[in-house]
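Coordinate inspection notes
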Amino acid sequence: MLSRLSLCRRHPLCQHFAAVVAASRRPVATFEAAPVAPLTPPRQTPNVMHGTRLATDPRWRRRMREDLYRRRMLAGPEPERPRSVWSNWSRRAELSAAAHRLGLAGLAGFSQQWLDRVLTFRESAEADGVTADSSIAHQNVAKGYELDDESSDSVAMATSSTPAESMPRDNAELVPTGRALIAEHCGRFLARELPHVPENLREQAVSLLTSDQSLSFVAGHLGLAELLSGVDTRPSMLPLSVEADAFAALVASAKLCCPNLSEGDEAAWRLTRDFLLTRLHNSDINEWWTIDAQRRLPLLSESLAAAGFPADEPLEFRLMGQSAPESPVYSCFQVGLYIRREFLSSGFGETAAQAQDECVSEALKTLFDTADSRAPMNFKLTYADLASALE
Amino acid sequence: RQMLPRVFLSQPLQNGVSRYTCQLKRITLKFCKFRPNSLGAREFIENGDFLEFARANPQVACYLKPRRNRPPVLQAEFANGSVQLARIDSFPAEFVRRWFWLMRGRSGDDLLPLHENLRSFHPSVQGVWTPFTFGRSVGLGDLSDSRHRPMSPSATELIQQLHRLQSARMS
């Protein structure tokens, strides 16, 4: 027996009604030449909204949020812009704040104008592709960014004892002075703190400390990267060497701006000590240099000779103890290094060979005074202490 | 379900070891001049607390940014590059003041749970423990009741085995 519903559906009026509805759903012919792009993008975009359902949102709002998110991801990331293009930026205020943050505001002869010049790089054709015609300011204007207008500031910059004519236009001369000063400070500090470490290892540590990567890390954390002028300060366009030069110029400026020589030396030393040399704190000093594996034993012999043990005395490695020697996992060998029947160091390892290597490393650390148990470095040294150490 | 990652205690650029540097570089107070949810922010400015903060902290660049029809927000930028936003919607002026001074004391690191409340790169100054640290001549694997025994028996054990066999034969 056919149901009444199916009979109803086969009725001509119902079928006519169904035809009208179907016709209304058919797309109307358009006269556009190009095909219209679909509203929803294809499914290749990752479904990052999975598992982020807001229980309080109704279903339509959830789908709207997902769609908006998908569109935003398709639009691509925000263009990278320097910090100075936003409206909450005043170069004068930023330089003043930086001067106080770096502790240079109290120095005689220091002013915002001086700091401005210190962080200004000369726009030259050789400098990283920035030509005089395509200066960053002009590029910014071309893109629609506003220039930082200093003429509207009613508060004048702090006057300094250094007249404007004698101030350098940029930091080109300060950079090499600063780099040399930093290297000298680091070398002197390590010579004082690690007197028993050989010169070549200390030099390795100094070169790591004064590398572009290290100096630019410090400059970035001091907020100097945003204050540079004459270069593109966008993080992806700013090379490490430029940031490093900025910090070097700062150190040189701290020394040169003071009329009093000792005050300038002390100010420059404090910048290096407090921001650069403190990177040695909370790190294993032995990681700052590398000794080749085949160089270890000769170095040990040389160090022992320097420490007073004659060169013909043989080094004796003795097995001090072993536990579970056949076990591949729980084995522990302890090897001791003796010279002239005196105990020098011991090392342990899973195999006797490893224990012997460890023994040599420990002996070197003992001789260089770089073991874990050594006293921490003194980061309160003044420049006077540093200078007197060498005499 | 994701859990917050744990981080280790750290200070940017070893701040405080040799000298302390305020990590807050600039702070911006964005507020509306008309809407009631910015009332606290407006009072904070008008009472002179904003200027007091700016004068007491010359190392921080302080900005005011009036924005029509937007809720009030505090944007703090730190030396390590991070930006923190504090929504001060309908806060009283005293709370806005407290948020300012709180940002001044922050380092800019994310607020995440710590592994430990201390961190040291020298976990031991006495040396790492070995089975022989406290003058033991045998290791744990050499004791007779240990599960991690060496495969070959020691001379003492051989003699003990012989003795047992002998006494078993005798009896």
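Residues numbered from 1 in each chain as written. Chains lettered and ligands numbered in written order. Predicted model: local features only at pLDDT ≥ 70, side-chain atom pairs only at ≥ 80, totals over all residues. Heavy atoms only, no water.

Judged by pairing direction, the sheet is mixed, and its 4 strands sit side by side in the order β2-β1-β3-β4 (chain B) without closing on themselves. Both edges of this open sheet fall to β2 (61-66) and β4 (83-87) of chain B, since each of them pairs with a single strand only. Neighbour to neighbour, the strand axes of the sheet diverge by 15 degrees on average, direction disregarded. Across the face of the sheet, helix α4 (residues 91-101) of chain A comes into contact with β1 (24-31) and β2 of chain B while running at roughly 150 degrees to β2(B). Of the strands in this sheet, β1 and β2 of chain B touch helix α2 (residues 49-56) of chain B, which is tilted by about 155 degrees from β2(B). (Pairing = 2+ DSSP bridges. Helix = DSSP H or I, 4+ residues; strand = E, 2+ residues; numbered from the N terminus. Axes fitted to C-alpha atoms, helices over the stretch in contact; angles between N-to-C directions. Contact = heavy atoms within 4.5 Å.)

Here we take up the layout of surface pockets. Each pocket or cavity is described by its volume, and for the largest pocket that value is around 710 Å³. Taken together, 27 residues make up the lining of the largest pocket; nearest its centre are Ser346(A), Glu362(A), Gln126(B), Gly127(B) and Val128(B). Of all the secondary-structure elements, those providing two or more residues to the lining of the largest pocket are β3 (342-349) and α13 (352-368) of chain A. If you tally residues by element for the lining of the largest pocket, the top one is β3(A), at 6 residues. The residue inventory of the lining of the largest pocket, partitioned by class, reads 9 nonpolar, 12 polar and 6 charged. (1 Å grid on protein atoms, 1.4 Å probe; cavity = no way out; pocket = protein on both sides within 12 Å on 5 of 7 lines; lining within 4 Å. Points joined across faces, edges and corners; volume = space filled by probe spheres on them. Nonpolar A, V, L, I, M, F, W, Y, C, P; charged D, E, K, R; others polar.)

Facing the 38 residues of chain B at the interface are 41 residues of chain A. Buried surface at the junction of chain B and chain A, summed over both partners, amounts to about 3500 Å²; 55% is from carbon and sulfur atoms. Of the charged contacts, one joins Glu226(A) and Lys25(B) as a salt bridge, the two residues approaching to 2.9 Å between their closest N and O atoms. Summed over the shared surface of chain B and chain A, the number is 13 residue pairs in polar contact (both at pLDDT 80 or more). Mapped by element, the contributors of at least two residues to the side of chain B that touches chain A are β1, β2 and β3 (73-78) of chain B. (Buried area = accessible area lost by both parts, 1.4 Å probe. Salt bridge = Lys/Arg side-chain N within 4 Å of Asp/Glu carboxyl O. Polar contact = N/O pair within 3.5 Å; in protein donor to acceptor, adjacent residues only side chain to side chain.)

As a rule of thumb, nonpolar side chains are buried together in soluble globular proteins. Grouped together as the largest cluster of nonpolar side chains are 82 residues, with contacts concentrated most on Phe189(A), Phe247(A) and Leu280(A). With 10 residues, helix α10 (residues 240-256) of chain A is the largest single contributor of residues to this core. Core analysis: the next-biggest nonpolar cluster, separate from the first, contains 19 residues, Phe31(B), Ala76(B), Ala93(B) and Phe100(B) among them. (Core = buried A, V, L, I, M, F, W, Y, C linked by side-chain atoms within 4.5 Å. Buried < 20%, exposed > 50% of the residue type's maximum accessible area, 1.4 Å probe, protein only.)

Residue and element names in this part refer to chain A. Taking strand neighbours across the sheet as the criterion, the 3 strands line up as β1-β2-β3 in an open arrangement whose pairing is antiparallel. Each having just a single partner strand, β1 (315-323) and β3 make up the two edges of the open sheet. Each neighbouring strand pair of the sheet contributes to a mean axis angle of 25 degrees, computed without reference to strand direction. Lying on the sheet, helix α12 (residues 296-307) is in contact with β1, β2 (332-339) and β3; it crosses β1 at an angle near 115 degrees. α13 rests against β1, β2 and β3 of the sheet, and its axis sits at about 130 degrees to β3.

Attention now goes to the UniProt feature "domain: Large ribosomal subunit protein mL44 dsRNA binding" (unreviewed entry) in chain A. The UniProt record marks residues 300-382 of chain A with the feature "domain: Large ribosomal subunit protein mL44 dsRNA binding" (unreviewed entry), using the residue numbering of this structure. The annotated region residues 300-382 of chain A carries 30% helix and 30% strand content, and the separation between its end C-alpha atoms amounts to 34 Å. (UniProt positions renumbered as here; feature names shortened; annotations may be inferred.)

Within the structure shown, the criterion is met by 2 cavities of 30 Å³ or more. Lining the largest cavity we find 17 residues, and of these Phe275(A), Leu13(B), Asn15(B), Thr21(B) and Gln23(B) sit closest to its centre. In terms of residue class, the lining of the largest cavity is built from 6 nonpolar, 8 polar and 3 charged.

This next bit is on the domain arrangement of chain A. Residue and element names in this part refer to chain A. With domains assigned, chain A is organised as domain 1 (1-26), domain 2 (85-166), domain 3 (174-286) and domain 4 (293-368). Here the C-alpha centre of domain 4 lies 37 Å away from the C-alpha centre of domain 3. Each partner contributes to the interface: domain 3 provides 5 residues, whereas domain 4 provides 4 residues. The contact between domain 3 and domain 4 buries some 400 Å² in all, and 66% of this surface belongs to carbon and sulfur atoms. For the domain 3 face of the interface with domain 4, the top three residues by lost area are His196, Pro198 and Asn286, together amounting to 63%. Where domain 3 packs against domain 4, one counts 0 salt bridges. Joining domain 3 to domain 4, the criterion identifies 0 residue pairs in polar contact (both at pLDDT 80 or more). In terms of residue class, the side of domain 3 that touches domain 4 is made up of 3 nonpolar, 2 polar and no charged. (Domains from an automatic or database assignment.)

Residues and elements named next belong to chain B. Counting buried residues along β3, 6 of its 6 residues qualify, which places the element largely inside the surrounding structure. Here β3 shows no split at all, with Val73, Gln75 and Glu77 on one side and Leu74, Ala76 and Phe78 on the other all buried. Where β1 meets β3, 6 bridges bridge the pair, whose relative direction is antiparallel. Bridging across to β3, Arg26 finds its partner in Glu77. The sheet contact formed by β3 and β4 spans 5 bridges and is antiparallel. What sits directly across from Leu74, in β4, is Ala86. Here β3 folds back onto β4, and the loop between the two strands holds 4 residues, one of which, Gly81, carries a positive phi near 95 degrees.

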